[in-house]
Amino acid sequence: MFEYNGSRIAFTLFGVDVYWYGLLIVTGMVLAVILASNELKKRGQDPDIVSDIALWILPSAIIGARLWYVIFEFERYDNILEMINVRDGGLAIHGGIIFGVVAALIYTRIKKINFMKLADPIVIFLPLAQAIGRWGNFINNEAHGGPTNLPWAVIIDGKPYHPTFFYESLGNFILFASLWYIYRKKDPKAGTITSMYLIFYGILRFFVEGLRTDSLWWGPIRVAQLVSIGFIVLGLGVLYFSRRNKFEGPFIKDNINKM
């Protein structure tokens, strides 16, 4: 069984507490950027593009994740300062992904980069970052499921619960390994990797969300499950167009030599 009774604080720097949750999220993001840069370099493209687009995606993702959470938990907050205080917890991954994609679309449009050819090698490492970040929920004793007597339960206040953070972390790691293998060994068409992420993460999160006790709700509907269905439908659409070579073309659209 899983159990954590230690501090949420990893260390204190210049009088400011640094929490494990934030540290794990940043670690996942940094690792994803490094690995995606290396992947782009192996494909003959400028690896600095990844760090450049990360400057657009990461702040947008954090804003989106917080905004998404606040919208559906609005009654919890008394003022704007509480709403923007991310150190107090409350980030929704779906909002982060949606805002991050919008930022990436704007960036690639400005730079005249083929969105899908850039998205595929970056998306591979998104579930890896998610897998790492989910352990912050374990340290915070949050994002768990209902009571269970399974041997791998997470123990919180002496009671066993479904470790939904672990289910999602493990599922994300398997998804990451699968996407990386396919991208390296099969050389799929542009858009295939992105579509697979949307479909399989959507399926994973839909079922994991059904076990969680802290879901965001829209009336009688779990928001994360609704968005997960949207991810699956969108992923199927991307896969359809990928199979018809709709995303093929030069990596940088005004320079065919950079294919």
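Our subject is the structure listed above.
So, how was this worked out
- Residues numbered from 1 in each chain as written.
- Predicted model: local features only at pLDDT ≥ 70, side-chain atom pairs only at ≥ 80, totals over all residues.
- Heavy atoms only, no water.
- Helix = DSSP H or I, 4+ residues; strand = E, 2+ residues; numbered from the N terminus.
- Rg over C-alpha atoms; globule rule 2.2 N^0.38 Å.
- Buried < 20%, exposed > 50% of the residue type's maximum accessible area, 1.4 Å probe, protein only.
- Contact = heavy atoms within 4.5 Å.
- Areas by Shrake-Rupley, 256 points an atom, 1.4 Å probe, with all protein chains shown as cover.
- Axes fitted to C-alpha atoms, helices over the stretch in contact; angles between N-to-C directions.
- Parallel < 35°, antiparallel > 145°, perpendicular 65-115°, else oblique.
- Left-handed = near helix turned anticlockwise from the far one by under 90°.
- Core = buried A, V, L, I, M, F, W, Y, C linked by side-chain atoms within 4.5 Å.
- Phe/Tyr/Trp six-rings, centres within 6.5 Å; stacked < 30°, edge-to-face > 60°.
- Salt bridge = Lys/Arg side-chain N within 4 Å of Asp/Glu carboxyl O.
- Patch = residues over 30% accessible without salt bridge, like charges linked within 9 Å, V, L, I, M, F, W, Y side chains within 5 Å.

Quick look at the overall build of the chain now. Scanning the chain from N- to C-terminus turns up 10 helices and 7 strands. Taken against the 2.2 N^0.38 rule, which gives 18 Å for 259 residues, the C-alpha radius of gyration of the chain at 19 Å falls within 12% of a compact globule. Split into buried and exposed, the 259 residues of the chain put 45% on the buried side. Long-range pairs, those at least 24 residues apart, make up 67% of the contacts in the chain between residues at least 6 apart in sequence. When the accessible surface of the chain is summed, it comes to about 13,900 Å², and 65% of that surface belongs to carbon and sulfur atoms.

How two helices pack is summed up by the angle between their axes together with the distance between the axes. Here helix 5 (residues 115-123) crosses helix 9 (residues 192-209) at 50°, and the two axes come no closer than 7 Å. Considering the angle they form, helix 5 stands oblique to helix 9. Note that helix 5 runs across helix 9; the crossing there is left-handed. Contacts from Met116, Ala119, Asp120 and Val123 of helix 5 reach helix 9 at Thr192, Ile193, Thr194 and Tyr197.

The subject of this paragraph is the nonpolar core. Most often, soluble globular proteins keep nonpolar side chains buried together rather than apart. Core analysis: the biggest nonpolar cluster contains 55 residues, and Leu118 and Tyr197 have the highest contact counts within it. If near-sequence neighbours (up to four positions away) are discounted, Leu118 is found in contact with Leu40, Ile49, Ile53, Tyr107, Thr108, Ile113 and Phe251.

What follows deals with the packing of aromatic side chains. Tallied over the full model, the rule gives 19 aromatic pairs. Between Tyr4 and Phe138, the aromatic rings sit 5.9 Å apart at their centres with planes inclined by 55°, giving tilted as the arrangement. Separated by 134 residues along the polypeptide, Tyr4 in the loop between strand 1 (2-3) and strand 2 (9-13) and Phe138 in helix 7 (residues 135-139) bring together distant segments of the chain. Ring geometry for Phe206 and Phe207: centres 5.5 Å apart, planes at 85°, overall edge-to-face. The partly exposed category is assigned to Phe206, whose relative accessible area is 26%. Connected via pairs of aromatic rings, a cluster forms that spans Phe2, Tyr4, Trp135, Phe138, Phe165 and Phe166.

This part is about the environment of Gln45. Along the chain, Gln45 falls in the loop between helix 1 (20-42) and helix 2 (48-72). Of the residues examined, Gln45 reaches a relative accessible area of 9% and is grouped as buried. Remark: the alpha-carbon pair of Gln45 and Phe251, spanning 206 residues in sequence, is separated by 8.3 Å.

By the definition in use, this model includes 8 salt bridges. One salt bridge in this structure joins Arg184 and Glu39, with 2.8 Å as the shortest N-O distance. Of this pair, Arg184 sits in helix 8 (residues 164-185) while Glu39 is found in helix 1, placing the two residues 145 residues apart along the sequence. Classification of Arg184 by relative accessible area gives partly exposed; the value is 38%.

Taken together, the side chains of Leu55, Trp56, Ile63, Leu67, Ile71, Ile98, Phe99, Val102, Ile106 and Ile110 make up a nonpolar region of the molecular surface, amounting to roughly 910 Å² of accessible area. Listing elements by their share of the nonpolar patch, those giving two or more residues are helix 2 and helix 4 (93-111). The topology assignment puts Ile106 in helix 4. Overall, the relative accessible area of 42% leaves Ile106 in the partly exposed class.

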